[in-house]
Amino acid sequence: MNWNAVEVDLRDNECSQDRSLIGELSRGDIPATIFRRAIGRADCEAIMERLVERELLFDAKKDVPLRFREESIPEGHYREGKSDKSLQAWRNDSNGERKIRIDIGSSLGYRGSDRESFLKHSAESNQLFDNLFDGLIDPIEVLYKGLQKIAPDKKVCTAKEADGRLYGKAIIRAHYGGYSYAPHFDSVRRREKRTDYQAYRFEHQLAGVLVLQNTVLDGISAQCRIHQCFWEPEVQPYLSDNNFYEYADKNQIPNADIVLEPGDLYFFNTGCIHEVPGVDGEAARVVVATFIGYSDEDPEVFVWS
Ligand SMILES: O=C(O)CCC(=O)C(=O)O
Ligand SMILES: [Fe+2]
C-alpha cells in the first residue's frame, strides 16, 4: 500500500471535517500532512531579515560570531530524566566544526532536565516571541492554526504544568554548515522519560515544522525523510550505530520524502524514525518547530518546543 503525505489547504473551510488527520498521523497511516504556502515567500524573507537584524541569527555568508559558536547545540544531543548529562541520539563521526545549530527558544529535550530553569527559560522565550514578529506574519500563530485544522475537535494549546506555567510555545532552529539529523525518533515518554512533566501524559508525539529558509547545494535541498517504522527497543542499536538503513533494507521499510519550500508547513509523527540529511549550502536551513502531544481521548492537544 502506498504511504503518501496528505496535502491540506489552510484557507479551505471544508477540510478535515469528516477526517481526523491527527488520528491518522498518530496511527502512522500517513507519513505527514502538508500545508503548502502556509505563509508567503516574501513573509519568510521578512522574518529572516528580522532575525538577523535582532542578532538572534547570523548571516551565513559571514564568519560565525563567537557567541553563536558557543551557543551551538551539538548534533543529536538530548538529556534524559533529571540528568544534566548530554546523551547522543546517534554516533557522531563527522567533524562538526562548521555544523552549527542555533535555537531561538527553549528546547524541552535539551533543557528539560532542570525543570525550574526550563520553565523560566520558556517564559523568557514566550516573551520574546510576543513581539518578535510585530508588523509581520506570525509563523507560530500560523502553525497553531494549521494544527487546529487537522485536530478540529480538540483544544490546541501551549503545553502547561499543573500550576499554569507554560512551556516554550515554539522554537526557531537554524542549521548551518550541513547540520543534519540522522535517523532518530523523539519522545518525551519513551526517549527522554520526562515523568515529571504534564506532556508525559500523551500517548502520541507529533511535530509541526514550518520552513522559513532552505539550504540548497547543487540543486539539492535538505528535506525530511520519514520511515514507516515506529521506534521499538529492537531498532535502537541500529540508530545508535548509524546503520538504520541496514534494518530498513532487511525489513523492507518504505519511506516518504517530504519536499518543502520556504513557507510550507508539515506535521508528522515523531515516533516514526525520521531524518533530515544535511546539505552544506550557502544559506542556513531555518524552521519554526514544535512538538505536539496527542491522545485520542484527551480533549487537549499540547504544543511545546
Ligand atoms: O527540521 C525538521 O524538519 C525536523 C527536525 C527533527 O527531526 C527534530 O527536530 O527532531
Ligand atoms: Fe526529530
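Residues numbered from 1 in each chain as written. Chains lettered and ligands numbered in written order. Predicted model: local features only at pLDDT ≥ 70, side-chain atom pairs only at ≥ 80, totals over all residues.

(A) Layout of the overall build of the protein. The helix and strand inventory of the protein stands at eight helices and 17 strands. On C-alpha atoms alone, the protein measures out to a radius of gyration of 18 Å, which is about the 19 Å that the 2.2 N^0.38 rule sets for 305 residues. Taken over the C-alpha atoms alone, the protein extends approximately 50 × 45 × 40 Å along its principal axes. A buried classification covers 43% of the 305 residues belonging to the protein. When contacts within the protein are restricted to residue pairs at least 6 apart in sequence, long-range pairs at least 24 apart make up 83% of them. (Helix = DSSP H or I, 4+ residues; strand = E, 2+ residues; numbered from the N terminus. Rg over C-alpha atoms; globule rule 2.2 N^0.38 Å. Buried ≥ 20, exposed ≤ 12 C-beta atoms within 10 Å, placed from the backbone. Contact = placed C-beta atoms within 7 Å.)

(B) Geometry of the sheet that holds strand β12 (residues 224-230). Taken together, the four strands give an open sheet; going across it, the order is β8-β15-β12-β13, and neighbouring strands pair in antiparallel fashion. Taken across any chain shown, the strands that pair with only one partner, and hence form the sheet edges, are β8 (181-184) and β13 (255-258). Across this sheet, the average inter-strand angle for adjacent strands is 15°, counted without regard to direction. One ladder, built from two bridges, connects β8 with strand β15 (residues 272-276); its direction is antiparallel. The residue of β15 that forms the bridge with Y181 is V276. (Pairing = 2+ DSSP bridges. Axes fitted to C-alpha atoms, helices over the stretch in contact; angles between N-to-C directions.)

(C) View of the pairing of β12. Of the pairings in the sheet, the one linking β12 to β13 comprises four bridges and is antiparallel in character. Across the sheet, residue R225 finds its bridge partner in β13, namely D257. Looking at chain direction, β12 and β15 are connected through three bridges and run antiparallel. Across the sheet, residue F230 finds its bridge partner in β15, namely C272.

(D) The site of ligand 1, seen in detail. Near ligand 1, the surroundings consist of Y181, D186, V209, C224, H274, V276, V287 and A289. Those elements giving two or more residues to the shell around ligand 1 turn out to be β15 and β16 (285-294). Looking at the shell around ligand 1 residue by residue, the classes come out as six nonpolar, one polar and one charged. (Near = placed C-beta within 6 Å. Nonpolar A, V, L, I, M, F, W, Y, C, P; charged D, E, K, R; others polar.)

(E) Here's a closer look at the nonpolar core. The biggest cluster of nonpolar side chains holds 80 residues, and the ones touching the most others in it are L147 and L210. Among the elements that make up this core, the one with the highest residue count is β16 (six residues). Ignoring any residue separated from it by four or fewer positions in sequence, one finds L147 in contact with V156, G208, F267, I292, V301 and V303. (Core = buried A, V, L, I, M, F, W, Y, C linked by C-beta atoms within 7 Å.)

(F) Layout of helix α2 (residues 41-53). With 13 residues, α2 should cover 18 Å at 1.5 Å per step; its first-to-last C-alpha distance of 18 Å lies within 8% of that length. Every buried residue belonging to α2 is among D43, C44, I47 and L51, and all of these are buried. The buried residues of α2 occupy an angular sector of 100° when the element is viewed end-on, so they sit on one face. Exposed side of α2, more than 90 degrees from the buried face: R41, A42, E49 and E53 are the residues found there. Check the buried side of α2 and you find it contacts α6 (139-150), β7 (171-176) and β9 (204-213). Among the residues trailing α2, E55 stands out with phi positive, at a value near 60°. (Expected span 1.5 Å × (residues − 1). Arc of directions from axis to C-beta.)

(G) Highlighting the environment of G281. Structurally, G281 is set in the loop between β15 and β16. Spatially, the C-alpha atoms of G281 and A222 are 9.0 Å apart, while their sequence positions differ by 59 residues. Ignoring sequence-local partners within four residues, the contact set of G281 consists of T215, V216 and L217.

(H) Layout of helix α5 (residues 115-132). Taking 1.5 Å per residue as the helical rise, α5 with its 18 residues ought to reach 26 Å, and the 25 Å between its terminal C-alpha atoms agrees with that figure. For α5, every residue scored as buried is listed here: F118, L119, S122, S125 and F129. End-on view of α5: buried residues confined to an arc of 120°, all on one side of the axis. When the buried face of α5 is taken as reference, the exposed residues oriented beyond 90 degrees from it are E116, S117, E124, Q127, D130 and N131. Looking at the buried residues of α5, the elements they touch are α4 (108-111) and α6.

(I) Main features of the environment of E70. In this structure, E70 sits in helix α3 (residues 66-71). Each C-alpha atom, one on E70 and one on S187, is 27 Å from the other, the two residues being 117 residues apart in sequence.

(J) Fine view of unusual backbone geometry. For E55, which is not a glycine, the phi torsion comes out positive at approximately 60°. Along the chain, E55 falls in the loop between α2 and α3. The exposed category is assigned to E55, around which 10 C-beta atoms lie within 10 Å.

(K) Region of the structure containing the environment of F268. Counting through the fold element by element, F268 comes out in strand β14 (residues 265-269). For F268, a count of 24 C-beta atoms within 10 Å corresponds to the buried category. Sequence separation of F268 and G135 is 133 residues, and the distance between their C-alpha atoms is 30 Å. Apart from residues no more than four positions distant in its own chain, F268 is found in contact with L25, P31, A32, L206, A207, I226 and H274.

Geometric descriptors of this kind do not, in isolation, establish any biological role.
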